[in-house]
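# An overview of the molecular structure
Residues per chain, in single letters:
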Amino acid sequence: DQQVKQNSPSLSVQEGRISILNCDYTNSMFDYFLWYKKYPAEGPTFLISISSIKDKNEDGRFTVFLNKSAKHLSLHIVPSQPGDSAVYFCAATAPYSGNTPLVFGKGTRLSVIA
Amino acid sequence: DAGVTQSPTHLIKTRGQHVTLRCSPISGHKSVSWYQQVLGQGPQFIFQYYEKEERGRGNFPDRFSARQFPNYSSELNVNALLLGDSALYLCASSGTGNLGYTFGSGTRLTVV
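Cut-offs applied
Residues numbered from 1 in each chain as written. Chains lettered and ligands numbered in written order. Predicted model: local features only at pLDDT ≥ 70, side-chain atom pairs only at ≥ 80, totals over all residues. Heavy atoms only, no water. Pairing = 2+ DSSP bridges. Helix = DSSP H or I, 4+ residues; strand = E, 2+ residues; numbered from the N terminus. Disulfide = S-S within 2.5 Å. Buried < 20%, exposed > 50% of the residue type's maximum accessible area, 1.4 Å probe, protein only.

Turning next to the sheet that holds strand β3 (residues 19-25) of chain A. All names here are of chain A. The strand order across the open sheet built from 5 strands is β1-β3-β8-β7-β6, with neighbouring strands paired in antiparallel fashion. What marks the edges here is a single partner per strand, and that holds for β1 (4-5) and β6 (56-59). Pairing analysis gives 2 bridges linking β1 to β3, with the strands arranged antiparallel. In the strand pairing of β3, Val4 is matched with Tyr25.

This is the structure in structure tokens:
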């Protein structure tokens, strides 16, 4: 039973446009969410996170939105650049409940076309 | 400043053998976690260690074991290897109270 779901295995976006990656979760105990980016032959690299007490967090071109009632979060990348092409993983955890392991989705492969 | 280092980077083993994977966390980080990533899936939690004590274990068989040393480095051991154990094994470290995990580049294990 997947607790974190990324239903789009892949996404293609033109350079300069917005990329929107979606993630849904089922466990209402999750209260901290992270996005990681992964290139081939490298480990996941932390991008941005959000706590359940917020509904938005921005860092440069990256913004994460959280809709707790829908158990849904999304990552917006504006403007998209060719170097953003990678696999993006959504992860969730419940650190304030004493349970800190990350639960990952299957990932979305983003291709930014020049 | 060194990040999380894992060794070896690649490994080929035969079914039934055992394997030991190693991880050195970022200096000052006391928590180490291990994840398994098979092709087409997200990383799956195997173990977490903090201050040399096991703090969590994922849904993996007893063939998987781990330990953390006084210098906070860690080993993941897998006995009686199966073809299905072929995967990228990732180590992540985090500091006290730090909700961010920094991952190493992983060890690619192939079981033939």
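Having seen the model, we can carry on.
Scanning the model with the defined rule gives 2 disulfides over all chains in all. Paired by a disulfide, Cys23 of chain A and Cys90 of chain A hold their sulfur atoms 2.0 Å apart. For the disulfide bridge between Cys23 of chain A and Cys90 of chain A, the dihedral angle about the S-S bond is near -70 degrees, and by the sign convention the bridge is left-handed. Here Cys23 of chain A, found in strand β3, pairs with Cys90 of chain A, found in strand β9 (residues 86-94); they are 67 residues apart in sequence, far enough to count as distant. Linked covalently through their sulfurs, Cys23 of chain B and Cys91 of chain B form a disulfide whose S-S length is 1.8 Å. An S-S torsion of about -65 degrees defines the bridge between Cys23 of chain B and Cys91 of chain B as left-handed. In this pair, Cys23 of chain B sits in strand β3 (residues 19-24) while Cys91 of chain B sits in strand β9 (residues 87-94), placing the two residues 68 residues apart along the sequence. Among the residues examined, Cys23 of chain B registers a relative accessible area of 2% and is labelled buried. The exposure class assigned to Cys91 of chain B is buried, which follows from its relative accessible area of 0%.

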